[in-house]
Amino acid sequence: MIKSILNINAHAFAKIALGFGLVLLAVAAILLATSGGRRMVGITLAPSDVVVEVKSGDTLSTILIQHNLTGRDINEIDRELRKCDVRSLRAGSDQLVISRPDEETAPNSITLICGPWKRVEITRDDGGWSAHTIEVERDIRMVHRTGRIRDGDSFYNAARRAGMPSGIIIDVYDLLSFEIDFERDVRAGQEFSVLYEEHFADGVKAGNGAVVALSFDSLRGNVKMYRFRKNDGTFGYYDENGNGAVKALKRTPINNARVSSGFGNRRHPVLGFTRQHKGVDFRAAHGTPIPSAGAGRVVERKNAPNGYGLYIRIRHNNTFDTLYAHMSRFANGVNVGTNVKQGQIIGYVGSTGLSTGPHLHYEIIKNGVHVNPLTVKFPSIDNLDAKSKERFFPLRDNIDRAIETLRNHPDMFVQM
Ligand SMILES: [Zn+2]
C-alpha cells in the first residue's frame, strides 16, 4: 500500500514572525527524516511497489496488462481517469506507482504522478475502481543570494559563484536588460543580490519560481526591482518608487553584440573624413536577427545604397524613434505602417550601403535629436498608479526587511 504523505514535523521549525504573512524558517530544520524506504515527490513507497516511468509509445493499457490487470480493469480505470481530466499519459514526465496487497494478488492501487503538483490515486474496492485527484500544495520559500563582480568576470559567472541557478540568472538578465548592458556596464566591485522563490512539494524541492526582488550596482547607480501583483492579477516589476521596470526602449537591441563604434565624432571608415557618428555600431554575424527595441510603427523602410543601405525607422511615441541600418534583408511582413512589438524581428544584420563589414548601425532619435543609445534615460511604460502604490510600498518595505535578515543568515529562507 502507498503510505500517507510525508509531513514535516511542525515543531522542527523555528518560526520568526516578520509581519504581513512573511515567516522566517530555519532551513537546517527542513532536512527531512527520510529514513527507511524509497521516497518520491508526495509519497513514500512500500517495498513491493513498482514504479513505472512512462516512455514514448506507452499507453495505460500496455503498462497495466504487464501488471496482470484485465481488459475490464483497464476500461474502468480509463473511465475513472477521464473524470479526473487525464486523457493520456505523458511520456518522459508521468510516473505510475503500482501497488498490490501481496505478490500473488493483482494490483489494487495505482498512483499516477503528473509532475510535482498533481497526482491521481486509483484504488479498487468491492464496488470496483475509483479515482480521485490530489493537488499538492505548493510550499514557496524565498532564498537570497548575493555576489560581487571580480576582475574579468561576467555577471553570469559571478551569479553562479553566488549560488544562483541558471534559470534565475536568465530571468535577471531579462529584467535588467532595460537598465544594464551586460557587455559594457559590468565592472569589478559591483555588487548584486537576488531574492527568488524555490518551490517545494511535500518537502521535496520541485523547482525554482519567480525572481521576487533584485538589486544591481550599475554604472548609472543602484538598480532595484520588486515583483508586484497588479490590480488585474498579473505580475510586474517595479523600482523602489513604483515605476515599471520595463522601459519603452531597449538600450542594445541585439543581446551580447559588441560595440565596434560608439556615438560621437570619428573618422568615417568608408568616407575617410571625420564626422559625427549619430548612432552606435554593434558587431554581429551576417544574418543575425534584429529585434525592435520597443513597440512602435514602421515609418521608413528603404534602401539607401550610398548610406544606410537597407534600413528601417520605427516611431515609438511622440518622443522616440529608432533606426536600424545596413541590414542584409527585411523581415517578412514588416512594411511601412506595420505595428511591431518590442522584441519583434524586423530584419537581419548585413553590410549594405556604406559599410565595411556586417554590423548593425543603431540610432535613437529623441525629439528629433540623435542621442547616445548607451546613456540616454528611457521612460517607463508601466508605472503604478497612486492606489496600487498604497499596496506596493508596504510590500517593498517587507521585502527589504526580509532581505536585511537573510543577508545576515544566508542559510535561512522566507516563507510566503
Ligand atoms: Zn554606424
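Just so we're clear, the structure is a prediction, and the values are computed from it rather than from any experiment.

Peer 1: When you look at the overall build of the chain in this model, what are you seeing that I'm missing?
Peer 2: A count of helical and extended segments in the chain gives five helices and 27 strands. For the chain, buried positions account for 31% of its 416 residues. The long-range share in the chain, meaning contacts at least 24 apart out of those at least 6 apart in sequence, stands at 62%.

Peer 1: Just checking my understanding: could you explain the confidence of the model for the chain for this structure?
Peer 2: In this model, the chain carries an average pLDDT of 84, and 87% of its residues clear a pLDDT of 70 or more. Scored below 50 in pLDDT, residues 1-37 shows 63 contacts in the model against residues more than four places distant or in partner chains.

Peer 1: How should I be thinking about the environment of D281 in this particular structure?
Peer 2: Position of D281 among the secondary structure elements: in strand 18 (residues 280-283). Accessibility expressed as a C-beta count within 10 Å gives 23 for D281, which makes it buried.

Peer 1: Explain helix 2 (residues 71-83) here, please?
Peer 2: For an α-helix, the turn length of 3.6 residues means that residues three or four places apart are oriented alike. Spanning 13 residues, helix 2 covers 19 Å between terminal C-alpha atoms, matching the ideal 18 Å at 1.5 Å per step. The set of residues buried in helix 2 consists of D73, I77 and L81. For helix 2, the angular spread of buried residues about the axis comes to 65°, placing them on one side. Turned more than 90 degrees away from the buried face of helix 2 sit G71, R72, N75, R79, R82 and K83, all of them exposed. Elements that come into contact with the buried residues of helix 2 comprise helix 1 (60-66), strand 8 (118-125) and strand 9 (128-135). Count one or two residues on from helix 2 and you reach D85, which has phi positive near 70°.

Peer 1: Just checking my understanding: could you explain unusual backbone geometry for this structure?
Peer 2: Excluding glycine, residues mostly have negative phi values, and the peptide bonds linking residues are mostly trans. Even without a glycine there, the phi angle at D85 is positive, about 70°. Under the C-beta neighbour-count criterion, D85 is labelled exposed, with 10 such atoms within 10 Å. Even without glycine at this site, H326 takes up a positive phi of about 65°. On the secondary structure map, H326 appears in strand 22 (residues 320-330).

Peer 1: Is there a simple way to explain the sheet that holds strand 9 in this structure?
Peer 2: Read from one edge to the other, the open sheet built from five strands follows the order 5-6-7-8-9, with strand pairing classed as antiparallel. Lying at the two open borders of the sheet, with one neighbouring strand each, are strand 5 (50-53) and strand 9. Recorded for the sheet is a direction-independent mean angle of 20° between the axes of neighbouring strands. The sheet contact formed by strand 7 (residues 109-113) and strand 8 spans five bridges and is antiparallel. For L112, the partnering residue across the bridge sits in strand 8 and is V120.

Peer 1: What should I look at first to understand the environment of D185 in this one?
Peer 2: The topology assignment puts D185 in the loop between helix 4 (166-176) and strand 11 (191-201). Using a count of 19 C-beta atoms within 10 Å as the deciding quantity, one classes D185 as partly exposed. Between the C-alpha atom of D185 and that of R220, which follows or precedes it by 35 residues, the distance is 9.0 Å. Those residues in contact with D185 that sit more than four places away from it in its chain are I180, S218 and L219.

The rules behind these values
- Residues numbered from 1 in each chain as written.
- Predicted model: local features only at pLDDT ≥ 70, side-chain atom pairs only at ≥ 80, totals over all residues.
- Helix = DSSP H or I, 4+ residues; strand = E, 2+ residues; numbered from the N terminus.
- Buried ≥ 20, exposed ≤ 12 C-beta atoms within 10 Å, placed from the backbone.
- Contact = placed C-beta atoms within 7 Å.
- pLDDT = per-residue confidence, 0-100.
- Expected span 1.5 Å × (residues − 1).
- Arc of directions from axis to C-beta.
- Pairing = 2+ DSSP bridges.
- Axes fitted to C-alpha atoms, helices over the stretch in contact; angles between N-to-C directions.

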